[in-house]
Amino acid sequence: MKTKPCKDQPPLTYIRQIWENDTAFLHINFSSVESYNLSENVSLKCCYQEIRRSTDPVEPDNKVDLTDCRYFNFKTQLSATAEFLLVQCKKEENGSSTVIYKNAHAMLRRKPEVHKRIEEKLSNRKTIRKPINVLLIGVDSISRINLLRLMPKTAQHLHDSGWMELKGYNKIDSNTLPNLMAVLTGFNLSVTENVCEPKKQGKLNSCPILWNNFRDQGYATAYAEDYQIISTFDYHKPGFATPPTDHYFRPFVVGAENFLHEKKSGDKLCLGYQYYADFIYQYALDFAKEYKDKPYFGLFWTNSFSHEDISTPSSMDEYMRDYLIKLNNSGILNETIVVFFSDHGMRFGDILKLVTGWYEERLPLIFFSLPEWFKIEYPEFAKNLKVNADRLTTPFDFHMTLNHILSLSADSNNTNDKKYAELMCPKSQSLFHEIPSNRSCNDACIPEHWCACKPYENFNKSSLIIKNAVNFAIQKMNQDLIAYKKSHNATERYSNKCAELKFKEVIRASILKLPGQNFTHYRAAFVVSPSDGEFDFTVKHDDKKDRFELAGDISRINRYNDQGKCIQDIRLIKYCYCEK
């Protein structure tokens, strides 16, 4: 896909930020006025509102407060606390007023209390070891193969610039939340739900996310993610009760999308006059600039150009390459460990009907950039990371690596490193240590359904054993829907509206039979009616007892949009077809 401008006209306003004295100005861009075809007898009036996090105690992550719209001419100096702005301009002619321009601007502003906290922490350190900065640059739903296929300029730059790629990085669960939480906490999904309880208001703030550990060791912290409705911690969840990091981008996302009326689902390549992702990645650059002399840890995640369609990343190839070059030219790569990564490959669409797509879903991209001084000071770690490029690795190992970085940076007598991944997966380890070459999915705690290492072979999709396996999976799905109906019937209006699912056809099938075992694994993709839902699953068959057992989740591989909107359970929405 070719890159297109977000608007036919250039923006009427821009921000000029002076970092040295922490001042910021909102300007009218008079060189752009001509493109708006304003006649001489037309007056232009512009005003701005500040977006502020909501003070409402109920789901403040999904609401914002706005100041009154303040009019300005030519330029105006912004308050020291102004971070996120909404701007609109009206033309006034013959007594009538018409809005001709709406836009949003985001800034990262200095927080003296954060600088003070860091300085106090660093002054009390018992070690002179240099803290290591960490930037995590995440992109949703891009496999390493799709990066090569659709973003060849970005991929070429990564390889030419010495970024270290992990080719065997295998996801551990279905969607973003469990794979990202494995990185940030070391928890799998069940432990995340039990310990962090993300569906309950306020519980996420007490979740032991790694940015808390870094903050405790004297780091500035930041988290930014685009795309309001599918944000990792807010999709069917209340989000954070208080900002989880020192710099938090969520208020801008909510305020800007609502103001610009960009709520609908589908790709959100643009937000106003610029790429949505550009807001996130510029925020990362500004974060690193603000704390260039202090340690920092930040997660910057984009969904907007990759979540909805397998082809749209191609439109951002040159942008991402140029952004990575900008990271290097700014000096950030000299002082920071940067990880460019994804959570999984594309999870929906026709590619999932292919064996290729099955592998791509399980093998996301991940690249590490290590500063030259780090390679010199820790040559063994750099060597092991390079060796691990061709080993089986997981988000649990990524978590262990971040913990390892923290332990290298932390005051040796004052660290709070719990290494949760060791509890979830005892054989997980830092990527700075060599991963065994014979590591199995079982060693790496990758469930059978998500394991890309097993030598499955194509199998007759019309065979009786496959049809029986598919019917077993459909029976399980219907049982789960019935159980949900019984548990929610008294409280949920539409809980009895999910249609019974029935077998329609098998798309593909494969088999794994290892010598000396009395069981066989089958994988199949199938279609059900009345939803035309397409699903993928792995099943273990006891050959002696002729009994099936699910080996992991049943994945939805085509879009279900609003089909399951009559229920609230995230896991079951993909099964449910709401009857009218």
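Predicted model, so just to flag it, every value in this text is computed and none were measured. (Residues numbered from 1 in each chain as written. Predicted model: local features only at pLDDT ≥ 70, side-chain atom pairs only at ≥ 80, totals over all residues. Heavy atoms only, no water.)

> When you look at the sheet that holds strand β11 (residues 220–225) in this model, what are you seeing that I'm missing?
The sheet built from 7 strands is open, its strands ordered β10-β17-β16-β9-β15-β11-β12 with mixed pairing. The two strands at the open ends of the sheet, each matched to only one other strand, are β10 (164–165) and β12 (247–248). Pairing geometry for strand β9 (residues 133–139) and strand β15 (residues 296–302), over 6 bridges, is parallel. Bridging across to β15, V134 finds its partner in F297. (Pairing = 2+ DSSP bridges. Helix = DSSP H or I, 4+ residues; strand = E, 2+ residues; numbered from the N terminus.)

> Please clarify how the pattern of salt bridges should be interpreted in this entry.
Taken as a whole, this structure holds 35 salt bridges when the rule is applied. With a shortest N-O distance of 2.9 Å, R117 and D246 are connected by a salt bridge. Of the two residues, R117 sits in helix α1 (residues 112–123) while D246 sits in the loop between β11 and β12, which places them 129 residues apart along the sequence. Residue D246 is classed as buried on the basis of its relative accessible area of 13%. K171 is the partner of E361 in a salt bridge, and the nearest nitrogen-oxygen pair spans 3.2 Å. Here E361 is found in helix α11 (residues 355–362), whereas its partner K171 is found in the loop between β10 and α4 (176–184), with 190 residues between them in sequence. Each member of the pair, E361 as well as K171, carries the same accessibility label: buried. (Salt bridge = Lys/Arg side-chain N within 4 Å of Asp/Glu carboxyl O. Buried < 20%, exposed > 50% of the residue type's maximum accessible area, 1.4 Å probe, protein only.)

> What's the story with the state of the cysteines in this structure? I'm lost.
Covalent bonding between the sulfur atoms of two cysteines defines a disulfide. By the definition in use, this model includes 8 disulfides. For C196, the disulfide goes to C207, at an S-S distance of 2.0 Å. What sets the handedness of the C196 and C207 disulfide is the S-S torsion sign, and at about 50° it is right-handed. With C196 in helix α5 (residues 189–196) and C207 in the loop between α5 and α6 (210–216), this pair connects stretches of sequence that are 11 residues apart. For C196, a relative accessible area of 0% translates into the label buried. Note on C207: relative accessible area 1%, which makes it buried. Sulfur-sulfur distance for the disulfide between C425 and C445 comes to 2.2 Å. Classification of the bridge connecting C425 and C445 rests on its S-S torsion, roughly 95°, and on that basis the disulfide is right-handed. Of this pair, C425 sits in the loop between α15 (420–424) and β18 (457–458) while C445 is found in the loop between α15 and β18, placing the two residues 20 residues apart along the sequence. Left unpaired, C453 is separated from the closest cysteine sulfur, that of C441, by 4.0 Å. Judged by its relative accessible area of 44%, C453 falls in the partly exposed class. (Disulfide = S-S within 2.5 Å.)

> What exactly am I supposed to notice about helix α9 (residues 317–329) here?
Think of an α-helix as turning once every 3.6 residues; residues three or four places apart then point the same way. The end-to-end C-alpha distance of α9 is 18 Å, a good match for the 18 Å that 13 residues give at a rise of 1.5 Å each. Just downstream of α9, G331 is the residue with a positive phi angle, here 90°. (Expected span 1.5 Å × (residues − 1).)

> Whenever I open this one, the packing of aromatic side chains confuses me. Can you help?
Each aromatic ring pair is specified by the distance between its two centres and by the angle formed by the two planes. In the structure shown here, the tally under the stated rule is 42 aromatic pairs. Centre to centre, the rings of F287 and F300 are 5.9 Å apart; their planes meet at 55°, and the pair counts as tilted. Taken together, the residues span a long stretch of sequence, with F287 in helix α8 (residues 276–290) and F300 in strand β15 at a distance of 13 residues. Judged on exposure class, the residue F287 and its partner F300 are both buried. When the centroid spacing of 5.4 Å and the interplanar angle of 65° are considered together, the rings of W301 and F341 count as edge-to-face. Of the two residues, W301 sits in strand β15 while F341 sits in strand β16 (residues 336–341), which places them 40 residues apart along the sequence. On the basis of relative accessibility, which here comes to 0%, the residue W301 falls in the buried class. Within the aromatic cluster, the residues linked to one another by ring pairs are F84, F249, F252, F279, Y283, F287, Y291, Y296 and F300. (Phe/Tyr/Trp six-rings, centres within 6.5 Å; stacked < 30°, edge-to-face > 60°.)

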